[in-house]
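Now for the letters of each chain:
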Amino acid sequence: MLAVERHERILDQLDKNKIVKVSELSKLLDVTEKTIRGDLELLEKRGLLNRIHGGAVLAEDEGRMLPIAERQSGYSDVKSAIAKEAVKLIEPNETILMDGGSTTIAIAELLGEFPITVITNDLKIANVLLSKSNVQLMVLGGTRIDKSSSLMGAQATEMLKRMRVNRLFFGTTGISVEHGLTVFNSIHADWKKQIISCADHITLLADSSKFEKVALIQFAKFDEVNEIVTDTNLDPHIKETLENSHVRLHLANV
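Here the structure is a predicted model, which means the values were calculated and not measured.

## Some points on the packing of aromatic side chains
Now for step 1: On inspection of all chains with the given rule, the structure shows one aromatic pair.
Now for step 2: Ring centres of Phe170 and Phe219 lie 6.2 Å apart, and the angle between their planes is 75°; on these two criteria the pair is classed as edge-to-face. Separated by 49 residues along the polypeptide, Phe170 in strand S9 (residues 165-170) and Phe219 in strand S13 (residues 217-220) bring together distant segments of the chain.
Now for step 3: Judged by relative accessible area, Phe170 falls into the buried class, the value being 0%.
Now for step 4: Lying across the ring of Phe219, Lys192 places its NZ or CZ 5.9 Å from the centre.

## Some points on the sheet that holds strand S15 (residues 248-252)
Now for step 1: Taking strand neighbours across the sheet as the criterion, the seven strands line up as S6-S5-S4-S9-S12-S14-S15 in an open arrangement whose pairing is parallel. In this open sheet, the two strands that pair with only one neighbour each are strand S6 (135-139) and S15. For this sheet, the mean angle separating the axes of adjacent strands, direction not counted, is 20°.

## Side note on helix H8 (residues 154-161)
Now for step 1: Residues of H8 that are buried include every one of Ala156, Thr157, Met159 and Leu160, and no others. Mapping the buried residues of H8 onto a view down its axis gives an arc of 160°, with all of them on the same face. Along H8, exposed side chains directed more than 90 degrees from the buried face belong to Ala154 and Lys161.
Now for step 2: Looking at the buried side of H8, the elements it contacts are strand S4 (95-98), S6, strand S8 (151-152) and helix H9 (186-197).

## Re the pattern of salt bridges
Now for step 1: Overall, the coordinates contain eleven salt bridges when judged by the stated rule.
Now for step 2: For the salt bridge of Arg6 with Asp39, the shortest nitrogen-to-oxygen distance reads 2.7 Å. Remark: Asp39 occurs in helix H3 (residues 33-45) and Arg6 occurs in helix H1 (residues 3-17); sequence separation between them is 33 residues. Asp39 shares its class with Arg6; the two are buried.

## What about the side chain of His7?
Now for step 1: Considering the arrangement of structural elements, one finds His7 in helix H1.
Now for step 2: If sequence neighbours within four positions are ignored, His7 has contacts with Asp39, Leu42, Leu43 and Leu216.

## Re the environment of Leu42
Now for step 1: For Leu42, the location among the structural elements is in helix H3.
Now for step 2: The class for Leu42 is partly exposed, based on a relative accessible area of 40%.
Now for step 3: Separated by 35 residues in the primary sequence, Leu42 and His7 have C-alpha atoms spaced 9.3 Å apart.

## Some remarks on the nonpolar core
Now for step 1: Formed by 53 residues in total, the largest nonpolar core has its most connected members in Leu97, Leu140, Phe170 and Ile228.
Now for step 2: A per-element tally of this core places H9 first, with four residues.
Now for step 3: Judged by nonpolar contacts, the second largest core, of 24 residues, contains Ile82, Leu89, Ile107 and Leu205.

## Focus on the sheet that holds strand S2 (residues 50-52)
Now for step 1: Taken together, the three strands give an open sheet; going across it, the order is S1-S3-S2, and neighbouring strands pair in antiparallel fashion. This sheet does not close on itself; its edge strands, each paired only once, are strand S1 (19-21) and S2. Along the sheet, successive strands turn relative to each other by an average axial angle of 25°, direction set aside.
Now for step 2: Sheet topology places S1 next to strand S3 (residues 55-57); three bridges connect them, and they run antiparallel. Considered in S3, the bridge of Ile19 is made with Val57.
Now for step 3: Seen against the sheet, helix H2 (residues 22-29) touches S1 and S3 and runs at an angle of roughly 75° to S1.
Now for step 4: Together, S2 and S3 form the strand contacts of H3, whose direction differs from that of S2 by roughly 140°.

## Digging into the environment of Asp30
Now for step 1: Position of Asp30 among the secondary structure elements: in the loop between H2 and H3.
Now for step 2: By relative accessible area, which is 67% here, Asp30 ends up exposed.
Now for step 3: For the pair Asp30 and Met1, spaced 29 residues apart in the sequence, the C-alpha separation amounts to 9.0 Å.

## Structural notes on H3
Now for step 1: For H3, which comprises 13 residues, the first-to-last C-alpha distance of 18 Å matches the rise-based estimate of 18 Å (1.5 Å per residue) to within 8%.
Now for step 2: Of all the residues in H3, the buried ones are Ile36, Asp39, Leu40 and Leu43. Buried residues of H3 fall within an arc of 100° about the axis and therefore sit on the same side. Facing away from the buried side of H3 by more than 90 degrees, the exposed set consists of Lys34 and Lys45.
Now for step 3: Here the buried face of H3 lies against H1, H2, S2 and S3.

Quick notes on the rules
- Residues numbered from 1 in each chain as written.
- Predicted model: local features only at pLDDT ≥ 70, side-chain atom pairs only at ≥ 80, totals over all residues.
- Heavy atoms only, no water.
- Phe/Tyr/Trp six-rings, centres within 6.5 Å; stacked < 30°, edge-to-face > 60°.
- Helix = DSSP H or I, 4+ residues; strand = E, 2+ residues; numbered from the N terminus.
- Buried < 20%, exposed > 50% of the residue type's maximum accessible area, 1.4 Å probe, protein only.
- Lys NZ or Arg CZ within 6 Å of the ring centre and 35° of its normal.
- Pairing = 2+ DSSP bridges.
- Axes fitted to C-alpha atoms, helices over the stretch in contact; angles between N-to-C directions.
- Arc of directions from axis to C-beta.
- Contact = heavy atoms within 4.5 Å.
- Salt bridge = Lys/Arg side-chain N within 4 Å of Asp/Glu carboxyl O.
- Core = buried A, V, L, I, M, F, W, Y, C linked by side-chain atoms within 4.5 Å.
- Expected span 1.5 Å × (residues − 1).

What follows is the structure in structure tokens.
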């Protein structure tokens, strides 16, 4: 098992159980306790956990990236504001690709005022758009990953290879000018690489809490993004850096 695969499993266990033990991880991953301790040390340096005697717990920082479900359910007002700002970027009759996520679901709820084609792999987004007569909907097939509403797999990948869309709306777990766009799961990382490759215009949706955070696996460099829609709580220094880059910045009032 590669180190990155072990790190995925460790963080998954931490996300589910809030605490992990070296001895249990050693048995689960079939490696020595010394290897596990080295893994925990590395993940602690990246701010993803705090080591304790015999194991590790969730990082205590308010901006921690775990647990994932708790993090994704927060900032609903901010995500709604970002969605309203993002919809302004869409032109009638465009074809857009929407990745799964709470902010893209919020965008879907706002669509329907003008004709547009939406391609998505997310069942929740598809359900929101079903009754909107101005929206031509295409759902990518695949297998549901864990308990999410997103479909991924070979079928979806093959469909993507034959597509070219005007714009992609997608999210990320962490975003850093130095380390790029990152997520915790290699399956999600591979998927996001694929959707970026089939869009003419790449629009990242990221609330201000995600900036200068680094998850486990990089799926894109910062300069692969055309524009970012975030909120006015963005740190002024980060805002200045973005404004001096080639990336176009849109700030939603919150």
